[in-house]
Amino acid sequence: MQKLDPAFERVALDLLARDGIGVVWKFHLDAANAYRSGYPRGTQILIATADADERLIRHAAKVELTRNAE
């Protein structure tokens, strides 16, 4: 997995906070539509945003598990 620009991760975090975990699925659906419509760069951006959100969710889960184990 590639390291994302911190500003890009901030956008992903803001969208996740605003729209919840369902935003990840929406990004994947939108990426599929962008791909079928001939927008490869848009597809890349949507998938990268979904990946960033998934990373943030995993990180938050690890933090919570660590906090609960103490």
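That block above? That's the structure.
Residues numbered from 1 in each chain as written. Predicted model: local features only at pLDDT ≥ 70, side-chain atom pairs only at ≥ 80, totals over all residues. Heavy atoms only, no water.

Q: Could you give an account of the packing of helix H2 (residues 22–36) against helix H3 (residues 40–69), with specific residues and numbers?
A: At their nearest, the axes of H2 and H3 sit 8 Å apart, and the two run at 165 degrees to each other. Taken as axis vectors, H2 and H3 run roughly antiparallel relative to one another. When you trace H2 past H3, the crossing you get is left-handed. Of H3, the residues touching H2 (which contributes Val 23, Val 24, Phe 27, His 28, Asp 30, Ala 31, Ala 34 and Tyr 35) are Gly 42, Thr 43, Leu 46, Ile 47, Thr 49, Ala 50, Asp 53, Glu 54 and Ile 57. Across the contact of H2 with H3, the residue classes break down as ten nonpolar, four polar and three charged. (Axes fitted to C-alpha atoms, helices over the stretch in contact; angles between N-to-C directions. Helix = DSSP H or I, 4+ residues; strand = E, 2+ residues; numbered from the N terminus. Parallel < 35°, antiparallel > 145°, perpendicular 65-115°, else oblique. Left-handed = near helix turned anticlockwise from the far one by under 90°. Contact = heavy atoms within 4.5 Å. Nonpolar A, V, L, I, M, F, W, Y, C, P; charged D, E, K, R; others polar.)

Q: Please provide a residue-by-residue account of the pattern of salt bridges, values included.
A: Scanning the model with the defined rule gives three salt bridges in all. With a closest N to O distance of 3.1 Å, Arg 10 and Asp 14 form a salt bridge. Of this pair, Arg 10 and Asp 14 both sit in helix H1 (residues 6–19), four residues apart, which is roughly one turn of that helix. A relative accessible area of 38% means that Asp 14 is categorised as partly exposed. (Salt bridge = Lys/Arg side-chain N within 4 Å of Asp/Glu carboxyl O. Buried < 20%, exposed > 50% of the residue type's maximum accessible area, 1.4 Å probe, protein only.)

Q: Lay out the side chain of Thr 49 in plain terms, naming residues and giving numbers.
A: Its place among the elements puts Thr 49 in helix H3. Reaching out from Thr 49, the side chain makes a polar contact with the backbone oxygen of Ile 45 at a distance of 2.8 Å. (Polar contact = N/O pair within 3.5 Å; in protein donor to acceptor, adjacent residues only side chain to side chain.)

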